[in-house]
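# Geometric and topological summary
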Amino acid sequence: MKSKSNKIIFSFLIISLVIIIIGYFLWAILIPIQDFSPMNKQETIRMQKELSLNYDLGRFFLYTGFFGLISSTIILISNKIKVIKKQK
């Protein structure tokens, strides 16, 4: 039973990584811009919203993916610690 739950959690970890990658490509500006240095933060965000594929959905995917990645990693580590403690 532990093996099956670990496989499910590991697959959730992989899905979270895929969601992060998709979110990055939706969020990022894929058009090369030569000079970013004279822009302030508000101008950069405005330009990113205009030029990215889907800024809001990409940001949502990034946050969701990071949350899934962190939570599944913590669960996998705690399961591994429980197994090590049971072996002692």
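Note that the structure is a prediction, hence the values are computed from the model and not measured. (Residues numbered from 1 in each chain as written. Predicted model: local features only at pLDDT ≥ 70, side-chain atom pairs only at ≥ 80, totals over all residues. Heavy atoms only, no water.)

## Some details on the pattern of salt bridges
Put simply, the test is: A pairing counts as a salt bridge when a side-chain nitrogen of Lys or Arg comes within 4 Å of a carboxyl oxygen of Asp or Glu. Numbering of helices and strands runs from the N terminus; a helix is a DSSP stretch of H or I covering at least four residues, while a strand is a stretch of E covering at least two. Exposure categories follow from relative accessible area, calculated using a 1.4 Å probe and restricted to protein chains: below 20% of the type maximum is buried, above 50% is exposed, and the middle band is partly exposed.
By the definition in use, this model includes 1 salt bridge. Put simply, Arg46 and Glu50 hold a salt bridge, and the shortest N to O gap is 3.0 Å. Separated by 4 residues within a single helix, Arg46 and Glu50 lie in helix 2 (residues 41–51), roughly one turn from each other. Given a relative accessible area of 45%, Arg46 falls into the partly exposed group. Among the residues examined, Glu50 registers a relative accessible area of 54% and is labelled exposed.

## Thoughts on helix 3 (residues 55–87)
Stated formally: A helix's residues, less one, multiplied by 1.5 Å, set its expected span.
The terminal C-alpha atoms of helix 3, which comprises 33 residues, lie 48 Å apart, in line with the 48 Å expected from a rise of 1.5 Å per residue. Listing the buried residues of helix 3 in full gives Tyr55, Gly58, Leu62, Gly65, Gly68, Ser72 and Asn79.

## Concerning the packing of aromatic side chains
Using the following cut-off: Working definition: a ring pair exists when centres of Phe, Tyr or Trp rings (six-membered ring for Trp) sit within 6.5 Å. Plane angles under 30 degrees give stacked, over 60 give edge-to-face, the rest tilted.
Throughout the structure, instances matching the rule amount to 3 aromatic pairs. Look at Tyr24 and Trp27: their rings are 6.1 Å apart centre to centre, the planes differ by 50°, and that puts the pair in the tilted class. Residue Tyr24 and its partner Trp27 are both found in helix 1 (residues 2–27); the two are separated by 3 residues, about one turn of the helix. Note on Phe60 and Phe61: the rings are 6.2 Å apart at their centroids and 40° apart in plane angle, and the pair reads as tilted. Joined through ring pairs, the aromatic side chains of Tyr24, Phe25 and Trp27 make up one cluster.

## Here we look at the side chain of Asn79
Note on placement: Asn79 falls in helix 3. Asn79 sits in the buried class, given a relative accessible area of 13%.

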